[in-house]
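Chain and residue survey
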Amino acid sequence: MQYLRGDTFPPNMLEYDEILEKIGYGKTQWILLLISGLLTITSVAAQQTMSIVVIASRCEFDTTEAEMGVMMAAYVAGVFLSTYIWGYVCDAIGRRKVLLYGTFSSCGLLFILMFVTSVWLFNIINLLSGISLGGVSAALYAYLSEFNIPRHRAVAINYSTMFVSVTAIYVPATAWAVLSYDWSVPIVGDFVFRPWRLLMLLTLLPGVIGGLVLLHYPESPKYLLSQDKEDQAINAVNWISKFNRGLPITQVLSCNEIRLKPEIQTEENILSNSKGWHIITNIARATKPLFHKPHGFNFVLCNVAVFCMFFSSNGIQLWFPEIVNRSSNEGNQSSTVCEILSSPEQGQIKSMNSTNICSDAISTNTYIDNMIVGVAFLVGFLIQGVILNPIGRKNVLMAALTLSIFSGLLLHFVSNPIVVLILFCLVILLPGLSISIMLGAIVDLVPTNLRGKAVSLCMSLGRLGIIAATNLMGIILIQYCTMTFALLSVILIVCFVVVYYLPIRNSA
């Protein structure tokens, strides 16, 4: 029986969250958190690994800086194009199905990438991989939260998000272990399997493990109830009860049978009766209320702020290995970053008897400095969690953006390698940490029924910032280094002004 909003329920019906409370926190939630972490590692590593791969493969692919920018942006473009649509798909076919389809299809595509010899075919497959992993981004937090009671949901999502920091350590650590050895295995004809290709396998491995464990989990009972599938929802609740307590749910509740109250959907499923182009038009129509008064202008400003944060933080982070690798080959430690990068073909081509010899060697400092950035993110998340409520969200945002602006400006003048590393960490770290605060602020600035769409759209447009930054830096970083860092400072200043005018509450 389908219930509508405002209907009364029979007295023997129980709320799903109420039953979950009685079952208690246990193995279901702990292992699901680990699954979420593993899927997050593969999702983020697929993006961050490209910043190492473009260096290690540039002689094999004979790529220019602009082509390296495209290689780094291809995966992000796939996620950008698909995440918002995947959000509606997971409401139509289920969170678990989207997670499994997205995980295994993307891992299969990443495996194929190990054997691709054409840079443009590499980019196309990487784009498709991003489209597949967009489903993981769209469904993961909804699935995770629906296996937790309300007071545990924010904590579970927070710990799941911290795996992004773990990935920032995992990627350079595995790259260091794999790429430190110079070996090659001839396969067929001119194709040679080199260490950077093995790195792709280590990128997809956490996702495969997480996906295989996820196969044993049921669909979210909360989702099943929203689809009027009470029997399947009861079976899923029974599975949780047996896994956590070793007892069927009827014994836990001391009753002969249970009934679950249905979850009332706030709007119709816009994909259920649509096909082809109508799906896109329906999604567009459902998105339009985000831009209506009284919240429309503030929502546009939020999108601008998130775009700027992604542009500056992730744009620099993806090019950071290349910047460090070029800087590590510079003997003069008194040079600024731009003086080093402006050196003719620094770190890439060496002249020897009038013959250009390509070098794709990666310095040890490249791995170490990127691992330091990962540790900085992990520490930053912990500190942010402590100071956010006492200081206030808007105050933390303003302070973080101010410090990142000054750090970006100082990069023009500082030459000490340790200070330069600290400044880069701040430029990458502070806008990156600010993204999660902004997403929390967006939730307060739009009506409840639009919050899911608002966050999804902001994240999609934020990834557009990554695409713009990686491609733009590929074109202008080496030739116009000073202008590049000046542009990043301007972007952060724009972000500061936007955040200043947004009515963000300091209290959470």
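As the structure is a computational prediction, the values presented were derived from the model and not from experiment.

1. Side note on the packing of helix H16 (residues 364-391) against helix H17 (residues 393-410)
Close contact between H16 and H17 brings their axes to 7 Å; oriented N to C, the two are set at 120 degrees. Relative to H17, the element H16 is oriented oblique. Residues Ile387, Leu388 and Ile391 of H16 touch H17, and the partners they reach there are Arg393, Asn395 and Val396.

2. Structural notes on the state of the cysteines
Taken as a whole and judged by the stated rule, the model has one disulfide. The disulfide that involves Cys338 links it to Cys481, with 2.1 Å between the sulfurs. Residues Cys338 and Cys481 share a disulfide whose torsion about the S-S bond is about -75 degrees; that sign makes it left-handed. Highlighted residues: Cys338 in helix H15 (residues 337-341) and Cys481 in helix H20 (residues 481-501), separated in sequence by 143 residues. You'll find Cys338 and Cys481 in the same group, each marked buried. You can see Cys308 has no disulfide; the closest cysteine sulfur is in Cys495, sitting 5.2 Å from it.

3. Digging into the pattern of salt bridges
Summed over the entire model, instances satisfying the criterion amount to nine salt bridges. The partner of Arg326 in a salt bridge is Glu65, and the shortest N-O contact between them spans 2.5 Å. Residue Arg326 is located in helix H14 (residues 296-328), and its partner Glu65 is located in helix H4 (residues 65-93); the two are separated by 261 residues in the primary sequence. For Arg326, a relative accessible area of 1% gives the class buried. Taking the relative accessible area as the measure of exposure, Glu65 reaches 17% and is therefore buried. In this structure, the salt-bridge partner of Arg326 is Glu322, at a minimum N-O distance of 2.7 Å. Placement of the pair is Arg326 and Glu322 together in helix H14, with a separation of four residues, close to one helical turn. Comparing Arg326 with Glu322 shows no difference in burial state: the two are buried.

4. A look at the environment of Trp196
On the secondary structure map, Trp196 appears in helix H9 (residues 195-214). Separated by 82 residues in sequence, Trp196 and Met114 place their C-alpha atoms 8.4 Å apart. Setting aside anything within four residues of it in sequence, one finds Trp196 in contact with Val53, Ala56, Ser57, Glu60, Phe61, Phe122 and Leu179.

5. Examining the nonpolar core
Inside soluble globular proteins, nonpolar side chains tend to come together where they are buried. Of all hydrophobic cores here, the largest spans 150 residues; its most connected members are Phe122, Leu179, Phe424, Met438, Phe485 and Val499. When sequence neighbours within four positions are dropped, the list of residues in contact with Val499 reads Ala305, Met309, Lys394, Leu397, Met398, Leu401, Met438 and Ile504.

6. A closer look at the side chain of Asn314
Tracing the sequence through the fold places Asn314 in helix H14. For Asn314, a relative accessible area of 12% puts it in the buried group. Non-local contacts of Asn314, meaning those with residues more than four positions away in its chain, are made with Gln47, Met309, Ile435 and Ile466.

7. Thoughts on the packing of aromatic side chains
Evaluated as defined, the whole model comprises 18 aromatic pairs. Between Phe61 and Trp196, the ring centres sit 5.7 Å apart and the planes meet at 65 degrees, which makes this aromatic pair edge-to-face. Here Trp196 lies in helix H9 and Phe61 lies in helix H3 (residues 58-61), a separation of 135 residues in the sequence. By the burial criterion, Phe61 is buried, and Trp196 matches it. Grouping aromatic residues by their ring pairs yields a cluster made of Phe111, Phe115, Trp183, Phe191 and Phe193. Residue placement shows Lys27 over the ring face of Phe243; its charged tip is 4.9 Å from the ring centre. Above the face of the Tyr500 ring, Lys394 is positioned so that its terminal group lies 5.9 Å from the ring centre.

8. Side note on a nonpolar patch on the surface
Together, Phe291, Val300, Val304, Val490 and Val494 make up an exposed nonpolar region whose accessible area comes to about 360 Å². Mapped onto the nonpolar patch, the elements with two or more residues apiece are H14 and H20. With respect to the element layout, Val300 can be found in helix H14. Val300 sits in the partly exposed class, given a relative accessible area of 35%.

Rules used in this analysis
Residue numbering note: each chain is counted from 1, following its sequence as written. Selection of residues for local features in this predicted model requires a pLDDT of at least 70, selection of side-chain atom pairs for listing and counting requires 80 or more, and totals for whole chains, interfaces and linings are taken over all residues. Side-chain metrics rest on all non-hydrogen atoms present in the structure, leaving aside hydrogens and water. Every axis in this analysis is a line fitted to C-alpha atoms, fitted for helices over the stretch in contact. Angles between the N-to-C directions lie between 0 and 180 degrees. Secondary structure elements follow DSSP: runs of H or I no shorter than four residues count as helices, runs of E no shorter than two count as strands, and numbering proceeds from the N terminus. Should an angle fall under 35 degrees it is called roughly parallel, over 145 degrees roughly antiparallel, and 65 to 115 degrees roughly perpendicular, with every other angle called oblique. Contacts were defined at the residue level, with two residues in contact if any of their heavy atoms lie within 4.5 Å. The criterion for a disulfide is a pair of cysteine sulfur atoms lying within 2.5 Å. Burial classes: relative accessible area under 20% of the type maximum marks a residue as buried, over 50% as exposed, and values in between as partly exposed (1.4 Å probe, protein chains only). Any carboxyl oxygen of Asp or Glu that lies within 4 Å of a side-chain nitrogen of Lys or Arg is treated as forming a salt bridge with it. We define a nonpolar core as any set of buried Ala, Val, Leu, Ile, Met, Phe, Trp, Tyr and Cys residues linked to one another through side-chain atoms lying within 4.5 Å. In this scheme Phe, Tyr and Trp rings, the latter by its six-membered ring, pair at centre separations within 6.5 Å, and the angle between planes marks the pair as stacked below 30 degrees, edge-to-face above 60, and tilted otherwise. Only lysine NZ and arginine CZ atoms are considered, and such an atom sits over a ring when it is within 6 Å of the ring centre and within 35 degrees of the ring normal. Any residue with relative accessible area above 30% and no salt bridge may belong to a patch, with like charges joined within 9 Å and the nonpolar Val, Leu, Ile, Met, Phe, Trp and Tyr side chains within 5 Å. In these tables, accessible area is a Shrake-Rupley quantity obtained with a 1.4 Å probe, and a residue counts as shielded only by the protein chains included in the view.

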